[in-house]
Amino acid sequence: MRKSTDFASWLSLPDTADRLRGKQVLMYCTGGVRCERASSRLNAAMGDELRGVYQLKGGVEEYFRAFPDGGHWRGKNFVFDKREAVAAGRPEA
């Protein structure tokens, strides 16, 4: 899934439910807004079948403000603007 607009159709696939059933799910996005909607939709669709749905409050950008060295983060978060990706210590990367 490459776009948040694909989430609803991805969630409706039988294979998705099979892969997520019984697991904890951590969702993250750049600023946290899309995760709010997606986690709510996931809970509505599968709440009782999951061990929990969590999200990175404030998104990756807030995490990088709290942990400038990256904390436990590895890699980059790809974004849909001119920055293309953000990484710890390099928000413009």
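About the criteria used
Residues numbered from 1 in each chain as written. Predicted model: local features only at pLDDT ≥ 70, side-chain atom pairs only at ≥ 80, totals over all residues. Heavy atoms only, no water. Helix = DSSP H or I, 4+ residues; strand = E, 2+ residues; numbered from the N terminus. Buried < 20%, exposed > 50% of the residue type's maximum accessible area, 1.4 Å probe, protein only. Contact = heavy atoms within 4.5 Å. Areas by Shrake-Rupley, 256 points an atom, 1.4 Å probe, with all protein chains shown as cover. Core = buried A, V, L, I, M, F, W, Y, C linked by side-chain atoms within 4.5 Å. Pairing = 2+ DSSP bridges. Salt bridge = Lys/Arg side-chain N within 4 Å of Asp/Glu carboxyl O. Polar contact = N/O pair within 3.5 Å; in protein donor to acceptor, adjacent residues only side chain to side chain. Expected span 1.5 Å × (residues − 1). Arc of directions from axis to C-beta.

J.: Teacher, can you tell me more about the overall build of the chain here?
T.: The number of helices and strands found in the chain is 4 helices and 4 strands. When the helices and strands of the chain are listed from N to C terminus, the series reads α-α-β-α-β-α-β-β. When each of the 93 residues of the chain is scored for burial, the buried share is 32%. In the chain, 51% of the contacts between residues at least 6 apart in sequence involve partners at least 24 apart. Surface exposure of the chain reaches about 6700 Å², of which carbon and sulfur atoms provide 52%.

J.: Sorry, what's going on with the nonpolar core here?
T.: Generally speaking, nonpolar side chains in soluble globular proteins are found buried as a group. Of all hydrophobic cores here, the largest spans 13 residues; its most connected members are F7, L20, V25, M27, L42, M46 and L50. With residues near it in sequence (within four places) discarded, V25 still touches L20, L42, L50, G52, V53 and Y54.

J.: It is not clear to me how the pairing of strand 2 (residues 52-55) should be interpreted in this structure. Could you clarify?
T.: Two faces belong to every sheet, and in a regular strand the side chains alternate between them. As defined by bridge partners, strand 1 (residues 24-27) adjoins strand 2 across 4 bridges and the pair is classed as parallel. If you follow L26 over to strand 2, its bridge partner there is Y54.

J.: Just to check I follow, could you spell out the environment of R37 for this structure?
T.: Locating R37 in the fold gives a position in helix 3 (residues 33-46). Sequence-wise, R37 and S4 are 33 residues apart; in three dimensions their C-alpha atoms are separated by 9.8 Å.

J.: When you look at the pattern of salt bridges in this model, what are you seeing that I'm missing?
T.: Opposite charge on two side chains allows them to pair when their charged atoms are near. Taken as a whole and judged by the stated rule, the model has 4 salt bridges. A salt bridge links E62 to R65, with the shortest nitrogen-to-oxygen separation between them at 3.0 Å. A residue pair is termed a helical-turn pair when its members lie 3 or 4 positions apart in one helix, as E62 and R65 do in helix 4 (residues 59-66) at 3 residues. Its relative accessible area of 36% is what places E62 among the partly exposed residues. Salt bridges linked by common partners bring D18, R21 and E49 together as one network.

J.: What should I look at first to understand the environment of T16 in this one?
T.: Mapped onto the fold, T16 is located in helix 2 (residues 14-20). With residues up to four places along the chain from it excluded, the contact list for T16 reads W10 and L11. Polar contacts involving the side chain of T16 include one to the main-chain carbonyl oxygen of W10, which spans 2.6 Å.

J.: Can you walk me through helix 3 in this structure?
T.: Each α-helix turn comprises 3.6 residues. Residues three or four places apart therefore point the same way. Helix length check: helix 3 (14 residues) gives 20 Å between terminal C-alpha atoms against 20 Å at 1.5 Å per residue, within 8%. For helix 3, the set of buried residues is C35, A38, S39, L42 and M46. Along the axis of helix 3, the buried residues cluster in a sector spanning 100°; they form a single face. Within helix 3, the exposed residues directed more than 90 degrees away from the buried face are V33, R37 and A44.

Distances and angles like these do not, on their own, reveal function.
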